[in-house]
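Chain residues, written in single-letter form:
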Amino acid sequence: MLILFIRCSKKLWVPGISDSVSGFVQEMNMAKSYGIDGWAINTAQWHSAAWPIQRMQKMVQAAEQAGFKFFMSADMTQEFIGAPNAVVDMVSTVATSSAYYRVNGKAFLSTFVGQSVGWNWQNSVLNPLASKGFSIYFVPFFGGDPNQVAQQFPFVDGYFHWTAWPYLNGNLQVVDPATDKQYRQIANQRGKVFMAPVSPYFAKHYCGLPSDALPNYVFGNYRGAGLWVEHWQQLIQIGPDYIEIVTWNDYPESSYIGPITAQWGITGNCNGNGPVMYDRSSFPHDAYADLGRYFIQAYKQGSYPTVTQDKVYVFYRGFSKNQQCNDPTGLGPVQNAQSMDDQIYVVSLLKSPATVRLATGGTTINFSVGSGLQVNNVAWGLGSQSVTVLRGGQQVAQKTFAKQISTQCTDGDLYDMNTFADYVSF
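Attention in this report is confined to the structure presented alongside it. Note that the structure is predicted; figures quoted are calculated from it, not measured.

Our focus in this paragraph is the overall build of the protein. The secondary structure content of the protein amounts to eight helices and 21 strands. The globule rule puts the C-alpha radius of gyration for 426 residues at 22 Å, and the 22 Å found for the protein is close to it. Evaluated residue by residue, the protein yields a buried proportion of 58% over its 426 residues. For the protein, restricting intrachain contacts to residue pairs at least 6 apart in sequence, the fraction spanning at least 24 positions comes to 75%. Summed over its atoms, the accessible surface of the protein is roughly 16,000 Å², and 46% of this surface lies on carbon and sulfur atoms.

This is how it looks when you write it as structure tokens:
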């Protein structure tokens, strides 16, 4: 089965532009411009608050207007754990839409975990949906060993592997596709589909839900765009049926590639200090999405496209991994931060060779760059960051980027391992 469908995980609780039909249409058209076919709309709530259904109604209307597909992803960390009927109600409410993604007439449904909920998915969700007239194409992320997942849940239509990052205590400088390959093999053997993950980043530092067992971690490869570039290259070789980008808009976990126009509060009491606000608008990730377009085209067409516009991307953090912050959350420095490096990464995507001149702080470095894709990196300097591109000794592009590297923590006091990502095109 050759599907080649790019989806992007969209958190229902976080609008990127505005909580309106027009705002969601704008976001969907932006996603389409990158080659994304639809959103996996992830929510952990449905009946427990008023906003999920209200917001979902707007998003359904927007998807129908934009000609954009979506399906639901049940986040099995809150309400749904003890309420499989809420999953049934959620799907049956929205799966009548013409924009809902289907495979051979079956409504696509995914999850974030849910392998240990204490009830049977077949009896408690899939059969009740079938009785309501909804045949389901079920591709969940159930954590655990892939072989055990396949044996325990033979009724699924496919497997989603959520963990796009080298995880926790592993070697965070290596992008290892072993689990992707294992799932691809199991799916082939069992006649199932495989949905692989790809993600630009993951850095999380907030107090919030009591169920959030990992509030203060970085999870993966932090060699600039290394995780984004290398994992895309690996997945293009492996050939999953679907690729899900994790995520479009999870701003607290820094894995977003979509737009951000507002501050986002960290929920919870934060050790008696009240809500904490991060200004994500100063950490754009649009460059990840724009660079991703190149890999999406390669995945869909089976070969890397010819570069038709010169672009140079930069990726760096706002301060050193060794920076000490007067952080009001009480969580301390981000765990695994020492696995990072303090370097600026330059990714060039060029039609023809050029010299890319990087000015980082008071240091200038020239990179001789060939045509196509090339990654360069160097230890950063404090201060402003800029690139200049020359061909035949003549300047053809220049940009000084909005964020300086400093000794000041995010928003004055907060630890934050998020990445600034931007680019110049010419």
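Glancing now at the pattern of salt bridges. All told, the structure shown has 11 salt bridges when counted by the stated rule. A salt bridge links Glu253 to Lys204; the shortest N-O distance between them is 3.2 Å. Pair noted here: Glu253 is in the loop between β11 (242–245) and β12 (264–266) and Lys204 is in strand β9 (residues 203–205), with a separation of 49 residues, a long-range link. A residue is classified by how much of its surface remains accessible, and Glu253, at 12% relative accessible area, is buried. Here Lys204 falls in the buried class, since its relative accessible area comes to 8%. Salt bridges here are not isolated pairs; linked through shared partners, they connect Asp19, Arg55 and Lys58.

Bringing the environment of Glu64 into the picture now. Tracing the chain through its elements places Glu64 in helix α2 (residues 51–66). Overall, the relative accessible area of 41% leaves Glu64 in the partly exposed class. With 347 residues separating them in the primary sequence, Glu64 and Asp411 have C-alpha atoms 39 Å apart. Among residues more than four places away in sequence, those in contact with Glu64 are Ser97, Ser98 and Ala99.

About the thresholds
- Residues numbered from 1 in each chain as written.
- Predicted model: local features only at pLDDT ≥ 70, side-chain atom pairs only at ≥ 80, totals over all residues.
- Heavy atoms only, no water.
- Helix = DSSP H or I, 4+ residues; strand = E, 2+ residues; numbered from the N terminus.
- Rg over C-alpha atoms; globule rule 2.2 N^0.38 Å.
- Buried < 20%, exposed > 50% of the residue type's maximum accessible area, 1.4 Å probe, protein only.
- Contact = heavy atoms within 4.5 Å.
- Areas by Shrake-Rupley, 256 points an atom, 1.4 Å probe, with all protein chains shown as cover.
- Salt bridge = Lys/Arg side-chain N within 4 Å of Asp/Glu carboxyl O.

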